[in-house]
Amino acid sequence: MDFNVKKLASDAGVFFTRAVQFTEEKLGQAEKTELDAHLENLITRADGTKNWTEKILRQTEVLLQPNPSARIEEFIYDKLDKKLPSRGTNAELLGQYMLEAANEFGPGTPYGSTLITVGEYQKRLGSAERELLHTSATTFLTPLRNFLEGDWRTISKERRLLENRRLDLDICKARLKKAKQAEAKAAAAPDFQETRPRNYVLSASASALLSEEVDKAEHELRVAQTEFDRQAEVTRLLLEGISSTHLNHLRCLHDFAEAQATYYAQCHHYMQDLQRELNRCANAVSAPLSSAAVCPDPISSAFLSGPPSPGATVSSSGQRPSTLTMEQSQLPVTGTRKAKVLYDYDAHDASELSLLADELITVYTVPGMDPDWLVGERGNEKGKVPVTYLELLS
């Protein structure tokens, strides 16, 4: 290994000189070159961006993954650049336990069948949560982390270099000041007490040395000033890039909010479906155990909650009126408008309309209809559609 003793000694000397200058500045014994106001404002803004980005990143990680042990595990795998083992969400694990319990208690029993129903919906909720975690990590957490581990490290490195250049500049200023003071002192009180030629030679030599020292200090000051100005410009350009960082984080924030909206809309829809399933099962259990008893359809009844139309048929065995189709229900329309479909939706029965993401349909409501649903039309097709899957257009 090439060990350069001279370079090591030179670097140690520069470090010691900077340390002395920094200490004297803190003690008020040395002058300090102040940065211009614009650069100071940029530094303050950058520090605020870094601090708040760290806080937002940490709290978002806590929100998405409340388990600290799991967060530590993810951090270790990320630092080792290894793929994190697949791990189910809490809702998926709960759903799996419910399904296993139902198999043990008997799927045909009321409790077992209900465990199966709730367990399936818990697994759907867990799948939606998994998608939220993946989307949030990709579109929000990763950009914030890249800023802290990439751009900010570059900015910090250039700022440290700027601080070193400032210390070097102030050291050169102090050195020039001392040299000029020594030259002025020698000029003000020359040693001409003796008339021997040797004294005149020594005095002239000392004056020349002092003058040379002043010239050298002035040259070093010019070089230090040039390097400081150059580094200040580089740092300023990097700090002005914080505005672009804010724009990038703004887009990421929109993506994160959209991912949350999608997740909560899916959860809302799943829980509505689960409630309807549970109501249907509860009515079926409470109905008389006879051949005439049927399980009501809360989805269809929620859509047609008004009184049955005159054309509806009622069975002689006492069953409820048969479900009306969309063509048979001629209820007054309250007003039509266009809507954009946000997510795919599969119809649960003949009264609903299947949807495809990004398509445009016509929607309207009818008196007595469940507020969470609308009537949707696409060409000759018509059926109920969930409001949470739509973006109503003006």
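It should be emphasised that the depicted structure is a prediction, and the values quoted were computed from it without experimental measurement.

Considering the overall build of the protein
- Looking only at helices and strands, the protein has 8 helices and 5 strands in total.
- When the helices and strands of the protein are listed from N to C terminus, the series reads α-α-α-α-α-α-α-α-β-β-β-β-β.
- Residues classed as buried in the protein amount to 30% of the 394 residues present.
- When contacts within the protein are restricted to residue pairs at least 6 apart in sequence, those whose partners lie at least 24 apart make up 68%.
- Put simply, the protein shows about 24,900 Å² of open surface, and 56% of that area lies on carbon and sulfur atoms.

Concerning the pattern of salt bridges
- Taken as a whole and judged by the stated rule, the model has 19 salt bridges.
- A salt bridge links E54 to K50, with the nearest nitrogen and oxygen atoms 3.4 Å apart. Within this pair, E54 and its partner K50 are both found in helix 2 (residues 37-64), separated by 4 residues, close to a single helical turn.
- R166 serves as the salt-bridge partner of E163, at 2.8 Å between the closest nitrogen and oxygen. Linking E163 with R166, this pair stays in helix 5 (residues 110-188), spanning 3 residues, or about one helical turn.
- When its relative accessible area of 3% is taken as the criterion, R166 is described as buried.
- Through salt bridges with shared partners, one network takes in R18, R165, D168 and E227.

A few points about unusual backbone geometry
- In this model, D358 sits at a positive phi of 75°, which is unusual for a non-glycine residue.
- Look at D358 and you get exposed, because its relative accessible area is 56%.

Some words on the nonpolar core
- The biggest cluster of nonpolar side chains holds 42 residues, and the ones touching the most others in it are L39, F140 and L239.
- Mapped by element, the contributors of at least two residues to this core are helix 2, helix 4 (90-105), helix 5, helix 6 (197-240) and helix 7 (242-286).
- Per element, the largest residue contribution to this core is 18 residues, and it comes from helix 5.
- Non-local contacts of F140, meaning those with residues more than four positions away in its chain, are made with I56, T60, T135, C252, L253 and F256.
- Counting 18 residues, the second-largest nonpolar core is a separate cluster that includes A265, Y364, V366 and L374.

Comments concerning the sheet that holds strand 3 (residues 373-378)
- A sheet is described by the order of its strands in space; here 5 strands give the open sequence 4-3-2-1-5, paired in antiparallel fashion. Each having just a single partner strand, strand 4 (381-386) and strand 5 (390-392) make up the two edges of the open sheet. In this sheet, neighbouring strand axes are inclined to one another by 40° on average, regardless of whether the strands run parallel or antiparallel.
- Relative to strand 2 (residues 360-364), strand 1 (residues 337-341) runs antiparallel, the two being bridged by 4 bridges. Looking at the pairing, K338 lines up with T362 of strand 2.

Topic: the packing of helix 4 against helix 5
- For the pair helix 4 and helix 5, the least separation of the axes is 7 Å and the interaxial angle reads 160°. Relative to helix 5, the element helix 4 lies roughly antiparallel. Considering only the axes of helix 4 and helix 5, their crossing is left-handed.

Let's talk about helix 5
- For helix 5, with 79 residues, the first-to-last C-alpha span of 111 Å sits near the 117 Å given by 1.5 Å per residue.
- Along helix 5, the sharpest kink reaches roughly 45°, centred on A137.

What to know about the packing of aromatic side chains
- Within the structure shown, the criterion is met by 7 aromatic pairs.
- Measuring from centroid to centroid gives 5.5 Å for Y343 and Y389, while their planes differ by 85°, and the two rings are edge-to-face. With Y343 in the loop between strand 1 and strand 2 and Y389 in the loop between strand 4 and strand 5, this pair connects stretches of sequence that are 46 residues apart.
- Relative accessible area serves as the criterion here: at 5%, Y389 is assigned to the buried category.
- Across from the ring centre of W52, 4.5 Å away, lies the NZ or CZ of K55, which sits over that ring.

Some points on the environment of K32
- When you line up the elements, K32 lands in the loop between helix 1 (5-26) and helix 2.
- Residue classification places K32 among the partly exposed positions, given a relative accessible area of 44%.
- Residues contacting K32, with those up to four places away along its chain left out, are E25, R166 and D170.

Concerning the pairing of strand 3
- Looking at chain direction, strand 2 and strand 3 are connected through 3 bridges and run antiparallel. Counterpart to T362 in the pairing with strand 3 is E377.

Things to note about the pairing of strand 4
- In the sheet, strand 3 pairs with strand 4 via 6 bridges, with the strands oriented antiparallel. When the bridges of strand 4 are listed, G376 appears paired with G383.
- The antiparallel pairing of strand 3 with strand 4 creates a hairpin that spans 2 residues between the two strands, and G379 there sits at a positive phi of about 65°.

Reading the values: rules and limits
Residues numbered from 1 in each chain as written. Predicted model: local features only at pLDDT ≥ 70, side-chain atom pairs only at ≥ 80, totals over all residues. Heavy atoms only, no water. Helix = DSSP H or I, 4+ residues; strand = E, 2+ residues; numbered from the N terminus. Buried < 20%, exposed > 50% of the residue type's maximum accessible area, 1.4 Å probe, protein only. Contact = heavy atoms within 4.5 Å. Areas by Shrake-Rupley, 256 points an atom, 1.4 Å probe, with all protein chains shown as cover. Salt bridge = Lys/Arg side-chain N within 4 Å of Asp/Glu carboxyl O. Core = buried A, V, L, I, M, F, W, Y, C linked by side-chain atoms within 4.5 Å. Pairing = 2+ DSSP bridges. Axes fitted to C-alpha atoms, helices over the stretch in contact; angles between N-to-C directions. Parallel < 35°, antiparallel > 145°, perpendicular 65-115°, else oblique. Left-handed = near helix turned anticlockwise from the far one by under 90°. Expected span 1.5 Å × (residues − 1). Bend = angle between axes of the 7 residues up to and from the residue. Phe/Tyr/Trp six-rings, centres within 6.5 Å; stacked < 30°, edge-to-face > 60°. Lys NZ or Arg CZ within 6 Å of the ring centre and 35° of its normal.

Don't take any of this as a statement about function, it's just geometry.
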